[in-house]
Amino acid sequence: MIWALWLVFLPLISTAAPAVAIGELRCTTRDEVVEIRNEGGAVSLAGWRLVSVVGWQVYAFGDVTVAAGSSVFVHSGPDAPAATTRDLVWTTGYVWNNE
């Protein structure tokens, strides 16, 4: 299995780097999950992109804010759950399982 991902933010003006990171990638089931973890203050993900380098699939975050110390989860695959404010759905196709 080959996979790679990037979390990209291209700000117009940035005064400090947010404490946002990819916490976990699970891509061995029919519900693939990427955890986006915020270890700083509340952060808006508007304008951020999650990129699968293999295949160059891109998920563009909408008006999503991650509270301090919280996470959001980006799902893909046929068993992705219904979207909520914490569980975002990219697609019901596979993104990370490139077998």
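I will try to describe carefully the structure that is included in this document. The model shown is predicted, which means the values in this text are computed figures rather than measured ones.

**Side note on the pattern of salt bridges**
Note that side chains of opposite charge can pair when their charged atoms are close.
Argument step 1. According to the stated counting rule, one finds four salt bridges in the structure shown.
Argument step 2. Among the salt bridges present, the one from E24 reaches R26, with a minimum N-O distance of 3.7 Å.
Argument step 3. With a relative accessible area of 35%, E24 lands in the partly exposed category.
Argument step 4. Using a relative accessible area of 38% as the deciding quantity, one classes R26 as partly exposed.
Argument step 5. Where D79 meets R30, a salt bridge forms, and the shortest distance between an N and an O atom there is 3.1 Å. In this pair, D79 is assigned in the loop between β8 (71-76) and β9 (87-91) and R30 in the loop between β2 (20-26) and β3 (32-38), connecting sequence segments 49 residues apart.
Argument step 6. In this structure, a network of salt bridges that share partners links the residues E35, R37 and E39.

**Digging into the packing of aromatic side chains**
Argument step 1. If you walk through the whole model with that rule in mind, you get three aromatic pairs.
Argument step 2. Measuring from ring centre to ring centre gives 5.0 Å for Y59 and F61, while their planes differ by 90°; the resulting arrangement is edge-to-face.
Argument step 3. Judged by relative accessible area, which is 12%, Y59 ranks as buried.
Argument step 4. Summarising the aromatic geometry, the rings of W90 and W96 are spaced 5.7 Å apart at their centres and angled 80° between planes, so their arrangement reads as edge-to-face. Across the pair, W96 and W90 agree in class, each one buried.

Calculation rules
Residues numbered from 1 in each chain as written. Predicted model: local features only at pLDDT ≥ 70, side-chain atom pairs only at ≥ 80, totals over all residues. Heavy atoms only, no water. Salt bridge = Lys/Arg side-chain N within 4 Å of Asp/Glu carboxyl O. Buried < 20%, exposed > 50% of the residue type's maximum accessible area, 1.4 Å probe, protein only. Helix = DSSP H or I, 4+ residues; strand = E, 2+ residues; numbered from the N terminus. Phe/Tyr/Trp six-rings, centres within 6.5 Å; stacked < 30°, edge-to-face > 60°.

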